[in-house]
Amino acid sequence: IGSARALAALFAGAAVGFVGLALAATVKVAALALVLRYSCSVAANSLWTGALHAAVDPRDGESLASWRMIVQSIAWAAANLLAGAALTQGADALRGLLFAAALVQGVASWGAWRALTGEVPRRDSCCPCAREGR
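Residues numbered from 1 in each chain as written. Predicted model: local features only at pLDDT ≥ 70, side-chain atom pairs only at ≥ 80, totals over all residues. Heavy atoms only, no water.

### Details of the overall build of the protein
The criterion, for reference: Helix and strand definitions follow DSSP, with helices as H or I runs of at least four residues and strands as E runs of at least two, each counted in order from the N terminus. The buried label goes to any residue with under 20% of its type's maximum accessible area, the exposed label to any with over 50%, and the partly exposed label to all in between, with areas taken from a 1.4 Å probe on protein chains only. Areas reported as accessible are Shrake-Rupley estimates using a 1.4 Å probe. Residue values count occlusion only from the protein chains shown.
Along its length, the protein carries five helices and zero strands. Counting from the amino terminus, helix and strand elements in the protein follow one another as α-α-α-α-α. Counting across all 134 residues of the protein, residues that qualify as buried make up 25%. Roughly 8,600 Å² of accessible area belongs to the protein as shown, and the carbon and sulfur atoms make up 69% of that amount.

### Notes on the nonpolar core
Quick note on the threshold: Residues enter a nonpolar core if they are buried and are Ala, Val, Leu, Ile, Met, Phe, Trp, Tyr or Cys, with the set joined through side-chain atoms within 4.5 Å. Throughout, a residue-residue contact means that at least one pair of heavy atoms, one from each residue, lies within 4.5 Å.
If you look at the biggest cluster of nonpolar residues, it comprises ten residues: Ala 4, Leu 7, Leu 10, Phe 11, Ala 14, Cys 40, Ala 44, Ala 51, Ala 112 and Leu 116. Listed by contribution, the elements that provide at least two residues to this core are α1 (3-23), α2 (27-54) and α4 (91-116). Considering each element in turn, this core owes the most residues, five residues, to α1. In contact with Ala 44, not counting residues within four places along its chain, are Leu 7, Leu 10 and Phe 11.

### Focus: the environment of Ala 79
Position of Ala 79 among the secondary structure elements: in helix α3 (residues 61-89). Judged by its relative accessible area of 36%, Ala 79 is partly exposed. Residues Ala 79 and Ala 101, spaced 22 residues apart in sequence, show a C-alpha to C-alpha distance of 9.2 Å.

### A look at the packing of α3 against α4
Threshold: Helix axes are fitted to C-alpha atoms over the stretch in contact, other axes to C-alpha atoms as well, and angles between N-to-C directions run from 0 to 180 degrees. Gly is put with the polar residues, along with every residue not named as nonpolar or charged; the nonpolar set is Ala, Val, Leu, Ile, Met, Phe, Trp, Tyr, Cys and Pro, and the charged set is Asp, Glu, Lys and Arg.
Relative to each other, α3 and α4 sit at 145°, their axes nearing to 6 Å. On the side of α3, the interface is formed by Leu 82, Ala 83, Ala 86, Leu 87 and Gln 89, while α4 contributes Ala 93, Leu 94 and Leu 97. Of the residues assigned to the contact of α3 with α4, the class counts are seven nonpolar, one polar and no charged.

Okay, structure coming up:
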């Protein structure tokens with residue numbers, strides 16, 4: 001189906017998983033939603049990393065990887081702090097946080113689709129496949 005479609009679908013699957021977690025009325029539904037969200041996120045990470053590194057100058061790959069890890073670590077720490085605060089406020093606060101995460105994943109799905117299908121021109125890229133929208 002192509003990496004752009006696959007990545008967008010995986011981000012959308014993660015969004016559905018977050019919604020499933022927010023709406024889960026039973027442990028089984030919550031477990032299914034958690035597995036969906038996690039499996040989509042893990043699979044998307046590999047595709048996203050590959051697409052990201054293909055779109056930059058190879059000489060910048062090591063620096064990009066370092067910055068990506070720093071940003072991801074900060075994002076995970078912030079998300080964990082928000083989740084911890086939501087847990088102390090009760091189920092409704094956590095549900096709101098899960099819906100917010102679903103919204104973010106939905107925007108990521110849309111953004112990945114636009115960026116990787118060529119709807120957003122990347123003429124400054126040195127990678128021929130990025131300029132062609134692949």
